[in-house]
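# Examining the three-dimensional arrangement
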Amino acid sequence: MLITIDDVLTQTELAEARKLLAASAWENGLSTAGTQAAKSKNNQQLPETAKHLPRLRQLVLSALNRNALFFTAVLPQRILPPQFNRYGGDTNFYGNHVDNAMRRLPDGSGYMRSDVSATLFLSDPDSYDGGELLVEDTYGSQTVKLKAGSMVIYPAASVHQVLPVSRGERQACFMWMQSMIRSADRRRLLFDMDMALLALRQTHGDTDPVIRLTGTYHNLLRLWAES
Ligand code: NI
């Protein structure tokens, strides 16, 4: 399931992120790719040593922390520090690949499982051609190209690619999350239920059945959550 979350970043945050990225030195993007993925990867990323990386990460993580839709869609247990990449010129695509299932924690204490992948678009879609994220979902392939500041989340288990950028530059932030709910099907069910409950509350208020159904949602979460 792909879920779009609009306006994750405010215009002020987006402007700051772009300014910091413009002042950064980029490196080849092979550092986070597995051996197989590396063969089809041709982009640039901010290195771990980049001066502005801590502030950029803080910007994105604080935006995610206040976003209720992000929480209910991902039910995050752990979020790996966000990273930043760009496509354009000679380094302009990332062919079909799958993301590694286990990712090393930055403090060296072990690994986390990647359940959900996310791309936060940072460039205006009109400023570049191509660069769509193409995800092979349960119901077929879907292409995604969002306005700057908006994010798409998709199952980390899916085969996906970034189509070649033929004009301009596509900057984005990407990250992986371990969910409290390991199963994508269960996450989907909980997400749909929570969205339906939200709509019910808005239409009917907190009636007794709505309260009971909300209890059922939380009890399912209790039953399935790993934390
Ligand atoms: Ni990927």
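The text that follows walks through the structure, step by step, so that each part is easy to find. (Residues numbered from 1 in each chain as written. Predicted model: local features only at pLDDT ≥ 70, side-chain atom pairs only at ≥ 80, totals over all residues. Heavy atoms only, no water.)

Within the protein, the atoms that donate to the nickel ion are H97 (NE2), D99 (OD) and H160 (NE2), at distances of 2.1 Å. For the nickel ion, the donor residues sit on a single chain with the sequence spacing H-x1-D-x60-H. Exposure class is identical for H97 and D99. Each is buried. (Donors = N, O, S within 2.8 Å, 3.2 Å for Na, K, Ca; no water. Buried < 20%, exposed > 50% of the residue type's maximum accessible area, 1.4 Å probe, protein only.)

We now examine the nonpolar core. Formed by 32 residues in total, the largest nonpolar core has its most connected members in L46, F84, L120, L122, M151, I153 and M175. Where this core is concerned, the elements lending two or more residues are β1 (3-5), α1 (11-22), α3 (53-65), α4 (68-74), β10 (116-121), β14 (151-155) and β17 (170-179). Sort the elements by how many residues they give to this core and α3 lands first, with 6 residues. Those residues in contact with I153, other than ones at most four positions away along the chain, are M1, L2, I3, A73, V74, V116, S117 and A118. Counting 14 residues, the second-largest nonpolar core is a separate cluster that includes A37, Y87, Y128 and V144. (Core = buried A, V, L, I, M, F, W, Y, C linked by side-chain atoms within 4.5 Å. Helix = DSSP H or I, 4+ residues; strand = E, 2+ residues; numbered from the N terminus. Contact = heavy atoms within 4.5 Å.)

This model, assessed by the stated rule, comprises 11 salt bridges. As a salt-bridge pair, R57 and E48 come within 2.7 Å of each other at their nearest N and O atoms. Residue class for R57 comes out buried when judged on its relative accessible area of 15%. E48 sits in the exposed class, given a relative accessible area of 53%. E169 is paired through a salt bridge with R86; the nearest N and O atoms lie 3.8 Å apart. Here R86 lies in strand β6 (residues 83-87) and E169 lies in the loop between β16 (165-167) and β17, a separation of 83 residues in the sequence. Using a relative accessible area of 21% as the deciding quantity, one classes R86 as partly exposed. (Salt bridge = Lys/Arg side-chain N within 4 Å of Asp/Glu carboxyl O.)

Right, let's talk about the sheet that holds strand β7 (residues 93-97) for a bit. Read across the sheet, 5 strands follow the order β3-β7-β15-β12-β13 without closing on themselves; strand pairing throughout is antiparallel. Edge positions in the sheet fall to β3 (41-42) and β13 (140-144), since each has one partner strand and no second. In this structure, β3 lies alongside β7, joined through 2 bridges in antiparallel fashion. What sits directly across from N42, in β7, is F93. (Pairing = 2+ DSSP bridges.)

Considering all chains together, one arrives at 1 aromatic pair under this definition. With 5.5 Å between their ring centres and 85 degrees between their planes, F174 and W176 make a pair best called edge-to-face. Lying across the ring of W176, R103 places its NZ or CZ 3.6 Å from the centre. Across from the ring centre of Y128, 4.2 Å away, lies the NZ or CZ of K145, which sits over that ring. (Phe/Tyr/Trp six-rings, centres within 6.5 Å; stacked < 30°, edge-to-face > 60°. Lys NZ or Arg CZ within 6 Å of the ring centre and 35° of its normal.)

Quick look at the environment of N92 now. Among the structural elements, N92 can be located in the loop between β6 and β7. The buried category is assigned to N92, whose relative accessible area is 17%. Along the sequence, N92 and L163 sit 71 residues apart, while their C-alpha atoms lie 8.0 Å from each other.

So, about the packing of helix α5 (residues 184-204) against helix α6 (residues 208-224). α6 packs onto α5 with a crossing angle of 160 degrees between their chain directions and a minimal axis gap of 10 Å. One finds that α5 runs roughly antiparallel with respect to α6. Every pair of crossing elements has a handedness; the one defined by α5 and α6 is left-handed. Taking contact as the criterion, the partners of R186, L189, L190, M193, D194, L197, L200 and R201 in α5 are, on α6, V210, L213, T214, T216, Y217, L220, L221 and W224. In terms of residue class, the contact of α5 with α6 is built from 11 nonpolar, 2 polar and 3 charged. (Axes fitted to C-alpha atoms, helices over the stretch in contact; angles between N-to-C directions. Parallel < 35°, antiparallel > 145°, perpendicular 65-115°, else oblique. Left-handed = near helix turned anticlockwise from the far one by under 90°. Nonpolar A, V, L, I, M, F, W, Y, C, P; charged D, E, K, R; others polar.)

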